[in-house]
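A structural walkthrough
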Amino acid sequence: GVIGFTKATLGIDKAEETVQTTRLNICNQCEVKVPCREGSKAECCGQMMNVLNPDSPTCGCILKKKIKVASESCPLKKW
């Protein structure tokens, strides 16, 4: 969550461009991708607050940030 967002913002632990592109393509086709909040252009892995629900299979991360961090992974194991 916050650590991954910070790494992405600062460019720490950056994934290769080809990895980022592959991840984004997978996320763009995913059924759980939604706007982070109503009216937002940013897209998230499920609803942001779902992370507080231990039964939720999604992480609520902002996808354009998550895909940039090499050590991040898809909670649905798609990448």
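As the structure is a prediction and not an experimental result, all values here were calculated from the model. (Residues numbered from 1 in each chain as written. Predicted model: local features only at pLDDT ≥ 70, side-chain atom pairs only at ≥ 80, totals over all residues. Heavy atoms only, no water.)

To continue, consider the nonpolar core. Taken as a class, soluble globular proteins show a tendency for nonpolar side chains to be buried jointly. In terms of nonpolar packing, the biggest core is built from eight residues, these being Cys27, Cys30, Val32, Cys45, Cys59, Cys61, Leu63 and Ile67. Filtering out sequence-adjacent residues up to four positions away, Val32 remains in contact with Cys44, Cys45, Gly46, Thr58 and Leu76. (Core = buried A, V, L, I, M, F, W, Y, C linked by side-chain atoms within 4.5 Å. Buried < 20%, exposed > 50% of the residue type's maximum accessible area, 1.4 Å probe, protein only. Contact = heavy atoms within 4.5 Å.)

The subject of this paragraph is the pattern of salt bridges. Considering all chains together, one arrives at five salt bridges under this definition. Linking Glu43 and Lys33 is a salt bridge whose minimum nitrogen-to-oxygen distance equals 3.5 Å. With Glu43 in strand β2 (residues 43-45) and Lys33 in strand β1 (residues 33-35), the pair connects residues that are ten residues apart, well separated along the chain. A residue is classified by how much of its surface remains accessible, and Glu43, at 31% relative accessible area, is partly exposed. Judged by its relative accessible area of 23%, Lys33 falls in the partly exposed class. (Salt bridge = Lys/Arg side-chain N within 4 Å of Asp/Glu carboxyl O. Helix = DSSP H or I, 4+ residues; strand = E, 2+ residues; numbered from the N terminus.)

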